[in-house]
Amino acid sequence: MPLPFLTADRAFDTTDHAALPFDDHDQWRRPYRPGSWRVGTAALALLLASFILLAAVVVAFAGAFGGACVTLGLAVLVIAAALRVLRMGAWVSRAGVRRVSFLSTVTVPWAKVTSVRTTQQPVRWLGFPRTVQGQALVLDRRGGEQLLLLTTHNADFLSRIEAFDRAADSVEAWNAEYGTAPAATR
């Protein structure tokens, strides 16, 4: 018995391309679902944080309040790291495209984007230094700078080639809708 109201994919099941009434193009949105590697890593970090919080309670009941505060601070750091891991990825809105990494965020307005394209190139496997051949969604900025938005071997798309293609098409569609065409040279 399918329960379409419980799935996140029901927006892709429709044949009409009309915007849904709750679609607000001014809010930042991720044009894809987070991958299983990203969600699994965050879940394990939150599980670790729960054990650290339990340890903080035990240390507090033992009477070492300084140690309990340090342990509680460590748990808060692990929770913040898990939430940041879930937030990582490419986000789009009417204002532009945003790439969120663990320690930094880069926002590029659509007016400064010259092209968004999928290329075949060596990409990092799950963010580690090891590179493998894969596809990447590259954003070209004015001034010749490039920004790597998505890859087929990151935590969102490892073993999910169809999801990468759908996400790349979605970002390219946002660029086609809100980006500015480069001026013709004379």
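Residues numbered from 1 in each chain as written. Predicted model: local features only at pLDDT ≥ 70, side-chain atom pairs only at ≥ 80, totals over all residues. Heavy atoms only, no water.

Peer 1: Quick rundown of the packing of helix α1 (residues 36-61) against helix α2 (residues 65-87)? Include the residues and the values.
Peer 2: Two elements in contact, α1 and α2, have axes whose closest approach is 8 Å; the angle formed by their N-to-C orientations is 170 degrees. Taken together, α1 and α2 sit at an angle that is classed as roughly antiparallel. For the pair formed by α1 and α2, the contact residues are R38, V39, A42, A45, L46, A49, I52, L53, A55, A56, V59 and A60 on the first element and F65, G67, A68, T71, L72, L74, A75, V78, I79, A82, V85 and L86 on the second. Classifying every residue of the contact of α1 with α2 by side-chain character gives 21 nonpolar, 2 polar and 1 charged. (Axes fitted to C-alpha atoms, helices over the stretch in contact; angles between N-to-C directions. Helix = DSSP H or I, 4+ residues; strand = E, 2+ residues; numbered from the N terminus. Parallel < 35°, antiparallel > 145°, perpendicular 65-115°, else oblique. Contact = heavy atoms within 4.5 Å. Nonpolar A, V, L, I, M, F, W, Y, C, P; charged D, E, K, R; others polar.)

Peer 1: With reference to specific residues and values, describe the sheet that holds strand β2 (residues 96-100).
Peer 2: Each strand in a sheet pairs with its neighbour through backbone hydrogen bonds, running either in the same direction (parallel) or in the opposite one (antiparallel). Strands sit in the order β1-β2-β3 across an open sheet of 3 strands; the sheet is antiparallel. In this open sheet, the two strands that pair with only one neighbour each are β1 (89-93) and β3 (105-109). Each strand of the sheet is rotated relative to its neighbour by a mean of 15 degrees, with strand direction disregarded. As judged from the 5 bridges shared by β1 and β2, these two strands associate in the antiparallel manner. Paired with S93 across the strands is G96, a residue of β2. Most of the contacts of α2 go to β2, to which it runs at about 140 degrees, and overall it touches β1, β2 and β3. (Pairing = 2+ DSSP bridges.)

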